[in-house]
Amino acid sequence: MASLIYTSAASSSVRGVSLIEVLITIVIFAIGLLGLAGLQMRLQSSEIESYQRTHALILLEDMANRMTANRANATTYVTTAADPLGTGDSQSTACAGSGHDFDVCQWSNALKGASEQSASSNNVGAMIGARGCIEDLGTGDQFLVTVVWQGLTPTSAPASGCGAGLYNGAAGTSCDNDLCRRTVSTIVRNADLGSP
């Protein structure tokens, strides 16, 4: 009789997993997977933003080098902040000639993404809505070169006037008031290389 009591006490302590324990485990696992999916989306957005900034810096350096190489005609490169090159400009895509006209045409095409094309011949090699401005800083030998583009998430609106008002989302969206406009700028200084 004593062995029978011992057996029933041992069998009552060994039970299977209840349904509620399985459901709690599934809920915890699902919350973890949702967190990983959100992290993956955030990483992809950060990767696109990083790619666009890198490409903008390359285009910025390209125009700075073109202006430095053609320093005698640097003032002819000047655009206005309200009429930038790139997306939406009236530049021809066929670059002919040399000097200023050729440089401006090529830079405009690069801003429009002509360096890479999709299978359907659409330009895909630049940032979203890329534009560029070259402003004279009033000295005749210093110029502000700026590249702007459309970011994916809102931040604070940049101070630079290049492309201002061109990157607003629909009313009430998170990109109102240029919050998704991104900019990078550099100053090109063309020193007088003549006699002192």
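See the structure above.
Residues numbered from 1 in each chain as written. Predicted model: local features only at pLDDT ≥ 70, side-chain atom pairs only at ≥ 80, totals over all residues. Heavy atoms only, no water.

**Brief notes about the overall build of the protein chain**
Heads up, the condition is: Secondary structure elements follow DSSP: runs of H or I no shorter than four residues count as helices, runs of E no shorter than two count as strands, and numbering proceeds from the N terminus. Each residue is assigned to one of three classes by its accessible area relative to the maximum for its type, calculated with a 1.4 Å probe on protein chains only: buried under 20%, partly exposed between the two thresholds, exposed over 50%. Any two residues having at least one pair of non-hydrogen atoms within 4.5 Å are treated as being in contact.
A count of helices and strands for the protein chain gives three helices and four strands. Along the protein chain, helices and strands appear, N-terminal first, in the series α-α-β-α-β-β-β. Taken across its 196 residues, the protein chain has 30% of its residues classed as buried. Contacts in the protein chain between residues at least 24 apart in sequence constitute 59% of all its contacts with a sequence separation of at least 6.

**Quick word on a nonpolar patch on the surface**
Let me state the cut-off plainly: Patches here are clusters of residues that have more than 30% relative accessible area and form no salt bridge, with a 9 Å joining cutoff for like charges and a 5 Å cutoff for nonpolar side chains (Val, Leu, Ile, Met, Phe, Trp, Tyr). Here the Shrake-Rupley method, with its probe set to 1.4 Å, supplies the accessible areas, and only the displayed protein chains count as covering residues. Counted as salt bridges are all cases of a side-chain nitrogen of Lys or Arg within 4 Å of a carboxyl oxygen of Asp or Glu.
On the surface, a cluster of nonpolar side chains totalling about 810 Å² of accessible area is made up of V17, L19, I20, V22, L23, I24, I26 and I28. With respect to the helices and strands, the residue I26 is situated in helix α2 (residues 19-69).

**What to know about the packing of α2 against helix α3 (residues 99-111)**
If you want to describe how two helices pack, look at the angle between their axes and the distance between the axes. Keep this limit in mind: Note on geometry: axes are lines fitted to C-alpha atoms, helical ones only across the stretch in contact, with angles between N-to-C directions running from 0 to 180 degrees. With respect to orientation, any angle under 35 degrees is reported as roughly parallel, any angle over 145 as roughly antiparallel, any angle of 65 to 115 as roughly perpendicular, and every other angle as oblique. By the convention adopted, Pro, Cys, Tyr, Trp, Phe, Met, Ile, Leu, Val and Ala count as nonpolar, Lys, Arg, Asp and Glu as charged, and the other residues, Gly among them, as polar.
The interhelical angle for the contact between α2 and α3, taken along N-to-C directions, is 180 degrees, at an axis separation of 11 Å. On the basis of their axis angle, the class for α2 and α3 is roughly antiparallel. Contacts from L59, D62, M63 and R66 in α2 reach D103, Q106, W107, A110 and L111 in α3. Residues belonging to the contact of α2 with α3 are distributed by class as follows: five nonpolar, one polar and three charged.

**Points about the sheet that holds strand β2 (residues 131-136)**
The line we're drawing: For two strands to be treated as a pair, DSSP must find no fewer than two bridges joining them.
Ordered by their spatial adjacency, four strands build an open sheet running β1-β2-β3-β4, and the pairing between neighbours is antiparallel. The strands lining the two open edges of the sheet, one partner per strand, are β1 (85-86) and β4 (181-189). Bridging between β2 and strand β3 (residues 142-150) involves six bridges; their strand directions are antiparallel. Opposite I134, over in β3, you have V145 as the bridge partner. Sheet strands in contact with α2 are β2, β3 and β4, and its direction is about 25 degrees off that of β4.

**Quick look at the pairing of β3**
In terms of burial, β3 is largely enclosed, as seven of its nine residues are buried. Pairing analysis gives nine bridges linking β3 to β4, with the strands arranged antiparallel. Counted as the bridge partner of Q142 is R189 from β4.

**Observations regarding the state of the cysteines**
The line we're drawing: Cysteine sulfur pairs qualify as disulfides if the two atoms are within 2.5 Å.
The tally for this structure, following the rule as stated, stands at two disulfides. A sulfur-sulfur distance of 2.1 Å marks the disulfide that ties C95 to C105. Disulfide C95 to C105: torsion about the S-S bond roughly -85 degrees, handedness left-handed. Taken together, the residues span a long stretch of sequence, with C95 in the loop between β1 and α3 and C105 in helix α3 at a distance of ten residues. Disulfide pairing is shown between C133 and C162; the S-S distance is 2.0 Å. Residues C133 and C162 share a disulfide whose torsion about the S-S bond is about 80 degrees; that sign makes it right-handed. Of this pair, C133 sits in strand β2 while C162 sits in the loop between β3 and β4; the two residues are 29 residues apart in sequence, bridging distant segments of the chain. Since its relative accessible area comes to 0%, C133 is described here as buried. Using a relative accessible area of 0% as the deciding quantity, one classes C162 as buried.

**A few points about the side chain of R66**
Its place among the elements puts R66 in helix α2. With sequence-adjacent residues up to four places away left out, R66 is seen in contact with Y77, D103 and Q106.

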